[in-house]
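Examining the three-dimensional arrangement
As a plain string of letters, each chain reads:
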Amino acid sequence: MSIRLAELAERIGARLAGDGDCVITGVATLIGAQPGGLTFLTNPRYRKHLQATRASAVILKEDDLPFCPTNALVTANPHVAYARAAQVFAPRPAAAAGIHPSAIVADSARIAPDASIGPHCVIGADCVIGAGADIGPGCVLEHGVSIGAGTRLVANVTVYYGCRIGAHGLIHAGAVIGSDGFGFANERGVWVKVPQLGAVVLGDDVEIGATTTIDRGAVEDTVIEDGVKLDNQIQVAHNVRIGAHTVMAAAVAVAGSTVIGKHCAIGGCTGIVGHLEIADGITITGMSMVSKSLKEPGVYSSGTPLERNDQWHKNAVRFKQLDEMARRLKQLEKELEELKKG
Amino acid sequence: MSIRLAELAERIGARLAGDGDCVITGVATLIGAQPGGLTFLTNPRYRKHLQATRASAVILKEDDLPFCPTNALVTANPHVAYARAAQVFAPRPAAAAGIHPSAIVADSARIAPDASIGPHCVIGADCVIGAGADIGPGCVLEHGVSIGAGTRLVANVTVYYGCRIGAHGLIHAGAVIGSDGFGFANERGVWVKVPQLGAVVLGDDVEIGATTTIDRGAVEDTVIEDGVKLDNQIQVAHNVRIGAHTVMAAAVAVAGSTVIGKHCAIGGCTGIVGHLEIADGITITGMSMVSKSLKEPGVYSSGTPLERNDQWHKNAVRFKQLDEMARRLKQLEKELEELKKG
Amino acid sequence: MSIRLAELAERIGARLAGDGDCVITGVATLIGAQPGGLTFLTNPRYRKHLQATRASAVILKEDDLPFCPTNALVTANPHVAYARAAQVFAPRPAAAAGIHPSAIVADSARIAPDASIGPHCVIGADCVIGAGADIGPGCVLEHGVSIGAGTRLVANVTVYYGCRIGAHGLIHAGAVIGSDGFGFANERGVWVKVPQLGAVVLGDDVEIGATTTIDRGAVEDTVIEDGVKLDNQIQVAHNVRIGAHTVMAAAVAVAGSTVIGKHCAIGGCTGIVGHLEIADGITITGMSMVSKSLKEPGVYSSGTPLERNDQWHKNAVRFKQLDEMARRLKQLEKELEELKKG
């Protein structure tokens, strides 16, 4: 794969500064780039690396251009422009259209002629697979699942009955969509299963990470809106709703019926209690414990900082005395006040 | 699927109050119900929704009956009665008995005639599959695995050699039962694998969530007793024992050799250190860190509350000074006492 | 399986003390052992169990020999010697060499004649499978994957294109190697995918736990060095590097581009922020939040201790007042000082 820099500039909508005939053969980091490499700069802090780069071209902002020792593609948003450029070099071959002979496909399933059903897939009754969709090896779709046009399930993905997945999505290996919500009724100490009769609905342009699990709703559906991006190892419980264009880093867990707004950013390992409402545009830093609804936009955090173990032990013990300490502090203030008066 | 309300009342053991000829076509929430819908009320707080419901029938307690604008099914435990009713409407078609032609089944495996072995399953030597068990697509059972009567493995589940799974269980997609416990001996900085020669034993009526992993024992077995319900993304390490009818929400991790009692409830994202004993009937709230044995029943918690990030930063820094603050507080008390005396 | 104690002593390099003709039939715990059983003692604290053991032989240190009521195998490192002995009793039958007829293998893949490709595997174009490697049932390897000699993928493992896995490794069921790193560029609120063009490189003697996920690099590779052992449910983000012989317990998550040294030990459920450097030989206790680089060897921790829920509530509220308490404490000290002066 190689491309003239002038052509690349046109494809990503950037202004060329330098030699348009320069041939780009791949992407690279500022530091690791070799001749032929294309890289990018978003943060002026790294200008020193820019000045030392061996890349053949750098995507950057106007302000950084004077510091660039080589060809440049100038744009207001270098990260987006780089994303577009990298798509040119993405090496994945297109999946072959059609149903692999080893796949087991129900007679009643409707598969678009140019969709790809990979080896050892199992496609249940009444499934609908859209144009250009790519169901990778070992995926299992129970009955009545629909997959939108251009959506790819990478491999070993399981989608339970009746779930509806939008267009242009990407679901990574080992993900599970539509498993039963965790619902049980207690009868004299024994747990009786509450059937989970809702489904999971994923919008368009949704990406779901490897081994991420999204449970079906108890009665109504669990809903992931358009443009949501979920990293790996995430757990989404029944009847959660995640608003459009929200992102979650790895290992987040969201308990049942919580509604998360649009354009939120949830840091990795965060746990969110059930039945909460998180407003649009909220950022939560990693490993936070969220146990109350958040109505005001902003950045939220919880947790305690890392320390040497011996010091941590001493402080952690004191945490258990915190309320008592607060009372003693108040008492001291009172006594001191009296002493000053008297 | 539709059923007369009188018949449903009989099937779930509730008292009919209203029109027994009313036809129920599905379950619903109090708020979302349409005519034909059956719903339930457990918490008197939601009586206002009860009074506005469009459901054709509501399962409720005697005390809530006067507030019900439609037909009712009266019972002491509406949640359990709803669970039973919902089972009537669960849409999953029964799996076809027999071995799918694409499954690879060892000659020495014993499969009950009415069990179902799904497409692309792999069943190892000497496995025993009980009556009515349902091994879904893409499941892999190594040699010597036994699956009890009526137990279902949904899809892409892996069960390692020698594990024994009880009757009437449900194991969700992507779960892994019997992977090696994490055991290594250190020889001059290099880790030597300690073979994990125990197995995993699951009792009857156990439910295991999607992508949950349960490691085999080092020498003796890892044991999950009857009626335990584990949510998704849970990790159970080698030689753990989980007592009967205990439930764990998603993303809990239990380290090796810890023994958890019966009828416990462990909140999501909780981490439990190894070699502990957790008594019967204990509740632990979500995201707790459990590093000591718990002998007294009760509710336990740890963690710090969510705050705005700027405020959190200030408080988190103080956490590292907590022991010092406690000493200074004590010193102040002493000095004040002296001042008051003197 | 049975073996004379004298032969076992020779195989594991321990000194025999007792009856070399004694026949060992399996491994056991000190407490659970029956005649024929072999067990081990590393910690003198358990000498009382040693004295009561019914095992036929015990692997132990010289210092513990006087307390041993039965045959002994004496060695400086009983845990390592036990690991070697247990390997003798490991019951897994060797996988049959060759390609199972149900596997789908690309013509251009090069499979060593004595490697085993299990049922329902899918091996992509240009893959290279080394001597004695064992690709278990349901594994999917995209194109251009290489698997070193003697490495085993247990079942339902997915390896994305171009990843390179070393020799003598073990990858447990449901693990995913080489899924896309979580990289998106924001264009007016909508997330644009940044193609992830690096790969994952695993060294030799690496063990990866069940459902653990390791993302491919954005441009350069994600690297796991020789001898690393990762437990289940771990998430390793793009461009992380984990140094040789480091171990991580279950459910750890490491964010992007963090570099972890050699011979580290990371406790379960720990979250590590991106772009950090963790020096060689560092230990981090379970459930820690690591948000700064660690340059000094040592043991590090964070988190708060478990308490009864009512007490915890009171203390947790005070955490939010911690900075204010510190200021009031300082003010009190000042006032008291003035009072003493005046």
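Cut-offs applied
Residues numbered from 1 in each chain as written. Chains lettered and ligands numbered in written order. Predicted model: local features only at pLDDT ≥ 70, side-chain atom pairs only at ≥ 80, totals over all residues. Heavy atoms only, no water. Helix = DSSP H or I, 4+ residues; strand = E, 2+ residues; numbered from the N terminus. Rg over C-alpha atoms; globule rule 2.2 N^0.38 Å. Buried < 20%, exposed > 50% of the residue type's maximum accessible area, 1.4 Å probe, protein only. Contact = heavy atoms within 4.5 Å. Areas by Shrake-Rupley, 256 points an atom, 1.4 Å probe, with all protein chains shown as cover. Lys, Arg positive; Asp, Glu negative; His and termini not counted. Charge placed at Lys NZ, Arg CZ, Asp CG, Glu CD. Least-squares fit on C-alpha atoms with pLDDT ≥ 70 in both. pLDDT = per-residue confidence, 0-100. Pairing = 2+ DSSP bridges. Buried area = accessible area lost by both parts, 1.4 Å probe. Salt bridge = Lys/Arg side-chain N within 4 Å of Asp/Glu carboxyl O. Right-handed = clockwise from strand over helix to strand, strands pointing away. Arc of directions from axis to C-beta. Domains from an automatic or database assignment. Axes fitted to C-alpha atoms, helices over the stretch in contact; angles between N-to-C directions. Parallel < 35°, antiparallel > 145°, perpendicular 65-115°, else oblique. Left-handed = near helix turned anticlockwise from the far one by under 90°. Polar contact = N/O pair within 3.5 Å; in protein donor to acceptor, adjacent residues only side chain to side chain. Phe/Tyr/Trp six-rings, centres within 6.5 Å; stacked < 30°, edge-to-face > 60°. Lys NZ or Arg CZ within 6 Å of the ring centre and 35° of its normal.

The next subject is the overall build of chain A. Of regular secondary structure, chain A possesses 5 helices and 40 strands. Whereas a compact globule of 342 residues would reach a radius of gyration of roughly 20 Å, chain A reaches 26 Å, over 25% beyond that. Each of the three principal axes of chain A carries a C-alpha extent, and together these read 90 × 65 × 35 Å. The buried share of chain A, reckoned over its 342 residues, is 59%. Of all intrachain contacts in chain A linking residues separated by at least 6 positions in sequence, the fraction that spans at least 24 positions is 17%. Split by element, the accessible area of chain A, about 12,800 Å² in all, is 52% carbon and sulfur. Between the centroid of the 31 positive side chains of chain A and the centroid of its 34 negative side chains there is a distance of 8 Å.

Here the focus is the relation of the copies chain A and chain B. For the pair chain A and chain B, the superposition axis carries a translation of 0.0 Å, the fit reaches an RMSD of 0.1 Å, and the rotation angle comes to 120°. Classification of the inter-copy transformation places it as that of a three-fold axis.

Bringing the confidence of the model for chain A into the picture now. Within chain A, residue pLDDT values average 97, and 99% of them lie at 70 or more. Taken over the whole predicted complex, pTM reads 0.97, whereas the ipTM for its chain interfaces reads 0.97.

Residues and elements named next belong to chain A. Strand order across the open sheet formed by 9 strands is S10-S13-S16-S19-S24-S27-S30-S33-S36, with parallel pairing between neighbours. Strand pairing shows two members of the sheet lacking a second neighbour, strand S10 (110–111) and strand S36 (277–278), which therefore form its edges. Bridge count between strand S27 (residues 222–224) and strand S30 (residues 241–242): 2 bridges; the pairing is parallel. In the strand pairing of S30, Val 223 is matched with Arg 241.

A few words now on the interface of chain A and chain B. Between chain A and chain B, the contact holds 78 residues from the first and 74 residues from the second. A combined buried area of about 6,100 Å² lies between chain A and chain B, and 67% of that area is made up of carbon and sulfur atoms. For the chain A face of the interface with chain B, the top three residues by lost area are Phe 182, Trp 191 and Met 289 of chain A, together amounting to 11%. Viewed at the interface, chain B and chain A are joined by 6 salt bridges. Ranked by residues supplied to the side of chain A that touches chain B, first place goes to helix H5 (residues 322–341) of chain A with 8 residues.

A separate point is the pairing of strand S5 (residues 37–40) of chain C. Residues and elements named next belong to chain C. Note that strand S4 (residues 26–27) and S5 share 2 bridges and pair parallel. Along S5, the bridge assignment pairs Val 27 with Leu 38. Both S5 and strand S6 (residues 57–60) contribute to a ladder of 3 bridges, which runs parallel. Its bridge partner being in S6, Phe 40 is matched across the sheet by Ile 59. On the question of chirality, the crossover connecting S5 to the parallel S6 by way of helix H2 (residues 47–52) is right-handed.

Looking now at helix H1 (residues 5–12) of chain A. All names here are of chain A. For H1, every residue scored as buried is listed here: Leu 5, Leu 8, Ala 9 and Ile 12. Projected onto a plane normal to the axis of H1, the buried residues spread over an arc of 105° and lie on a single side. Turned more than 90 degrees away from the buried face of H1 sit Glu 10 and Arg 11, all of them exposed. A positive phi of about 70° marks Gly 13, the residue just after H1.

Attention shifts here to the domain arrangement of chain A. By the assigned domains, chain A splits into domain 1 (3–89), domain 2 (98–300) and domain 3 (309–341). One C-alpha centre belongs to domain 1 of chain A, the other to domain 2 of chain A, and the line joining them spans 36 Å.

Time to look at the packing of H5 of chain A against helix H5 (residues 322–341) of chain C. At a closest axis distance of 11 Å, the pairing of H5 of chain A and H5 of chain C adopts a crossing angle of 30°. Taken together, the axes of H5 of chain A and H5 of chain C are roughly parallel relative to one another. Judged by the twist between their axes, the crossing of H5 of chain A over H5 of chain C is left-handed. Across from Leu 322, Met 325, Ala 326, Leu 329, Lys 330, Leu 332, Glu 333, Leu 336, Leu 339 and Lys 340 of chain A in H5 of chain A, the residues of H5 of chain C making contact are Leu 322, Met 325, Arg 328, Leu 329, Leu 332, Glu 335, Leu 336 and Leu 339 of chain C.

A word on the interface of chain A and chain C. Between chain A and chain C, the residue contacts involve 73 residues of the former and 78 residues of the latter. Between chain A and chain C, the buried area comes to about 6,100 Å², and carbon and sulfur atoms account for 66% of it. The largest per-residue losses of area from chain A upon contact with chain C belong to Met 287, Leu 306 and Phe 319 of chain A, which jointly make up 11% of the total buried on that side. A salt bridge links Glu 187 of chain C to Arg 84 of chain A, with the shortest nitrogen-to-oxygen separation between them at 2.9 Å. Where chain A meets chain C, there are 30 residue pairs in polar contact (both at pLDDT 80 or more). When residues of the side of chain A that touches chain C are traced back to their parent elements, those giving at least two are helix H3 (78–89), strand S28 (229–230), strand S31 (247–248), strand S40 (307–308), helix H4 (309–319) and H5 of chain A.

What follows deals with the pattern of salt bridges. Applying the stated criterion to the full structure yields 51 salt bridges over all chains. One salt bridge connects Arg 328 of chain A with Glu 333 of chain B, and the closest N-O pair in it is separated by 2.7 Å. In this pair, Arg 328 of chain A sits in helix H5 while Glu 333 of chain B sits in helix H5 (residues 322–341), so the two residues belong to two different chains. With a relative accessible area of 22%, Arg 328 of chain A lands in the partly exposed category. Overlapping salt bridges bring together Asp 134 and Arg 152 of chain A together with Glu 142 of chain C as one network.

This paragraph deals with the side chain of Ser 179 of chain C. Checked against the element boundaries, Ser 179 of chain C lands in strand S21 (residues 176–179). Among residues more than four places away in sequence, those in contact with Ser 179 of chain C are His 172, Ala 210 and Asn 232 of chain A together with Tyr 160, Ile 214, Asp 215 and Arg 216 of chain C.

One pass over the full model with this rule turns up 9 aromatic pairs over all chains. Here Phe 40 of chain B and Tyr 82 of chain B contribute two aromatic rings whose centre-to-centre distance is 4.4 Å and whose plane-to-plane angle is 20°, an arrangement assigned as stacked. You can see Phe 40 of chain B sitting in strand S5 (residues 37–40) and its partner Tyr 82 of chain B sitting in helix H3 (residues 78–89), a full 42 residues away along the chain. Among the aromatic residues, those joined into a ring-pair cluster are Phe 319 of chain A, Phe 319 of chain B together with Phe 319 of chain C. Directly above the aromatic system of Tyr 161 of chain A lies the positively charged group of Arg 216 of chain A, at a separation of 3.7 Å from the ring centroid.

This part is about the sheet that holds strand S39 (residues 298–301) of chain C. Spatially, 12 strands are ordered S40(A)-S39(C)-S37(C)-S34(C)-S31(C)-S28(C)-S25(C)-S20(C)-S17(C)-S14(C)-S11(C)-S8(C) in an open sheet, and the strand pairing comes out mixed. Both edges of this open sheet fall to S40 of chain A together with strand S8 (98–99) of chain C, since each of them pairs with a single strand only. By the bridge criterion, 2 bridges tie strand S34 (residues 265–266) of chain C to strand S37 (residues 282–284) of chain C in an arrangement that is parallel. Bridge pairing in S37 of chain C links Ala 265 of chain C to Thr 283 of chain C.

Turning to its location among the elements, Trp 191 of chain A is positioned in strand S23 (residues 190–193). The class of Trp 191 of chain A is partly exposed, set by a relative accessible area of 22%. C-alpha separation for the pair Trp 191 of chain A and Ala 81 of chain A, spaced 110 residues apart in sequence, amounts to 54 Å. Looking at Trp 191 of chain A, its side chain comes within polar contact range of the main-chain oxygen of His 245 of chain B, at 3.0 Å.

Residue and element names in this part refer to chain B. With respect to the helices and strands, the residue Arg 110 is situated in strand S10 (residues 110–111). For the pair Arg 110 and Ile 123, spaced 13 residues apart in sequence, the C-alpha to C-alpha distance is 9.8 Å. Apart from the residues lying within four places of it in its own chain, the contact partners of Arg 110 are Cys 127, Val 128 and Ile 129.

A word on unusual backbone geometry. Residues and elements named next belong to chain C. If you check the backbone angles, His 120 has positive phi at about 60° while not being a glycine. Along the chain, His 120 falls in the loop between strand S11 (116–117) and strand S12 (122–123). A relative accessible area of 6% means that His 120 is categorised as buried. Positioned with a positive phi, Arg 188 is a non-glycine residue whose angle comes to about 50°. You can call Arg 188 exposed: its relative accessible area is 78%.

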